[in-house]
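Given next are the chains, with one letter for each unit.
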Amino acid sequence: MLKRFIRYLYEYEQGKRTRNVGFVKVEQEERESTVHIHGKGLRLSGGDTLSVSLFFEEKGQLWSVVQGEIAYMGPSVNYQLKYTDEDVGLPGNYSVIKGILLKNGGGRRFAAVWEDAPFDIDSIRSWREGQNAVEIPDDKSGREEDLPDAPAGGTVLEETAPAAPAREEAFVEEYPERAGTEETQKAELEIQAEEKEQRRWKASKIQRRDISTLPRCEWRLANNNFLLHGYSNYRHLALLDDGKVLKLGVPGIYHEKEARAAAGFGFPEFINVEETSISLVDEERNLEEQFGYWCRQVRRSAR
């Protein structure tokens, strides 16, 4: 059964959580999981690299399994990780994954924890099949050669669990039977806001006559009164494409009266110009109001 939940992403210093830098959305199935990572304000340098690891606990010790790297270009991180029971060292590790760890070359750590349980993030060591402890804690209290090797197969040796920091705060846990709860709605709103911020529609300016390049069934829109009004004011229309759907946009400003008129003429959706890649001169937009495009989906021309 599919299990979904959302957890905050925090920066950790000296093993303790310090500040929120985003969230992760997790979708878990029996043998495959997807983690959507949304990070902001990580305060890293452009071109920095973040290693991405999953971590689990065995006999009091936390172990990480590297999954890949993120090239941080700033100012935010948006990354999707897919993993199966074959990507976590041993298949048995899959069901005991506790969270995700991001780390840069300077040792800064960011983590999201699945369970409402305390973990000392700085105590995590890298797991390798046949040998485990290949990472030295930040306090340099031990040497790599002093750390225990695991027996063949990667089974770890028992160690004393480190002191735990303050309890980790879980954000939202979403199960099918809880759909529609206030917590779930809050989680979905955060995701939608983040996705909307990250989306930029590929947009192009067109003239009214260019509607004839669309399929014939769309030509009637050239005489739509709402479209004619917007075209008269701003001397252009727009085609907005996100790779999945194509929308015809009529330039205008957002307010409730305009929204009712737009919907009445078949243009119910408003997309702010800042969400698009379009370039406009001052005469083609309103600089004092919330400007954008009233849109409706249209069919693509046959290729």
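Student: Quick one: what's the story with the overall build of the protein, residue by residue and with numbers?
Tutor: If you tally the helices and strands in the protein, you get three helices and 15 strands. Taken across its 303 residues, the protein has 47% of its residues classed as buried. Pairs at least 24 apart in sequence give 63% of the contacts found in the protein among residues at least 6 apart. Carbon and sulfur atoms make up 45% of the accessible area of the protein, which totals about 16500 Å².

Student: Can you tell me about the pairing of strand S12 (residues 237–241), naming the residues and giving the values?
Tutor: Across the five residues of S12, four count as buried, placing the element largely inside the fold. Here five bridges tie strand S11 (residues 202–206) to S12, and the two strands are oriented antiparallel to one another. Residue pairing for S12: Lys202 is matched across the bridge by Asp241. For S12 and strand S13 (residues 246–253), the ladder comprises four bridges, and the chain directions are antiparallel. Bridging across to S13, Leu240 finds its partner in Lys247. The hairpin turn running from S12 into S13, its antiparallel successor, is four residues long, and Gly243 in that turn takes a positive phi close to 90°.

Student: Tell me about the nonpolar core, and please be specific about residues and values.
Tutor: Of all hydrophobic cores here, the largest spans 29 residues; its most connected members are Val35, Ile37, Tyr83, Ile100 and Trp114. When contributions to this core are tallied by element, the ones reaching two or more residues are strand S1 (3–13), strand S2 (16–28), strand S3 (32–40), strand S4 (48–58), strand S5 (61–72), strand S6 (76–84), strand S7 (97–104) and strand S8 (109–113). Setting aside residues up to four positions removed in sequence, Tyr83 forms contacts with Gln28, Arg31, Glu32, Ser33, Val35, Leu54, Gln67, Val88, Tyr94, Ile97 and Trp114. If you look at the next biggest cluster of nonpolar residues, it comprises 19 residues, including Ala222, Leu227, Tyr231 and Phe270.

Student: Quick one: what's the story with the packing of aromatic side chains, residue by residue and with numbers?
Tutor: Counted under the stated rule, the structure contains 11 aromatic pairs. Aromatic pair Tyr8 and Tyr10: ring centres 6.2 Å apart, planes at 70°, arrangement edge-to-face. Taken together, a centroid distance of 5.1 Å and an interplanar angle of 65° make the contact between Tyr234 and Phe291 edge-to-face. Note that Tyr234 is positioned in helix H2 (residues 225–234) and Phe291 in strand S15 (residues 291–298), a separation of 57 residues in sequence. Across the pair, exposure class does not vary: Tyr234 and Phe291 are buried alike. Put simply, the rings of Phe226, Phe265 and Phe267 pair up and form one aromatic cluster. Residue placement shows Arg17 over the ring face of Tyr10; its charged tip is 4.3 Å from the ring centre. Residue placement shows Arg296 over the ring face of Phe267; its charged tip is 5.8 Å from the ring centre.

Student: Before we move on, can you summarise H2 with the specific residues and values?
Tutor: Along H2, the residues classified as buried are Phe226, Leu227, Gly230, Tyr231 and Tyr234. One side of H2 holds all its buried residues, which, seen down the axis, span an arc of 130°. Looking at the packing, one finds that the buried side of H2 touches S12, S13, helix H3 (256–264) and S15. For H2, the side-chain oxygen to backbone nitrogen distance between the N-cap and Phe226 is 2.9 Å, and the N-cap itself is Asn224. Just downstream of H2 lies Arg235, where phi reads positive at about 60°.

Student: Describe the sheet that holds S11, listing the residues and the values that go with them.
Tutor: Taken in spatial order, the five strands make up an open sheet running S11-S12-S13-S15-S14, and their pairing is antiparallel. Strand pairing shows two members of the sheet lacking a second neighbour, S11 and strand S14 (269–272), which therefore form its edges. Along the sheet, successive strands turn relative to each other by an average axial angle of 35°, direction set aside. Across the sheet, H2 touches S12, S13 and S15, and the angle it forms with S13 is around 60°.

Student: An account of H3 is needed here, citing residue identities and associated values.
Tutor: Those residues of H3 that sit buried are Glu258, Ala259 and Ala262. End-on, the buried residues of H3 take up no more than an arc of 105°, which puts them together on one face. Turned more than 90 degrees off the buried face of H3, the exposed positions are Glu256, Lys257, Arg260 and Gly264. Contacts made by the buried residues of H3 are with H2, S13 and S15. Phi for Gly266, located one or two positions after H3, is positive at around 95°.

Basis of the calculations
Residues numbered from 1 in each chain as written. Predicted model: local features only at pLDDT ≥ 70, side-chain atom pairs only at ≥ 80, totals over all residues. Heavy atoms only, no water. Helix = DSSP H or I, 4+ residues; strand = E, 2+ residues; numbered from the N terminus. Buried < 20%, exposed > 50% of the residue type's maximum accessible area, 1.4 Å probe, protein only. Contact = heavy atoms within 4.5 Å. Areas by Shrake-Rupley, 256 points an atom, 1.4 Å probe, with all protein chains shown as cover. Pairing = 2+ DSSP bridges. Core = buried A, V, L, I, M, F, W, Y, C linked by side-chain atoms within 4.5 Å. Phe/Tyr/Trp six-rings, centres within 6.5 Å; stacked < 30°, edge-to-face > 60°. Lys NZ or Arg CZ within 6 Å of the ring centre and 35° of its normal. Arc of directions from axis to C-beta. Polar contact = N/O pair within 3.5 Å; in protein donor to acceptor, adjacent residues only side chain to side chain. Axes fitted to C-alpha atoms, helices over the stretch in contact; angles between N-to-C directions.

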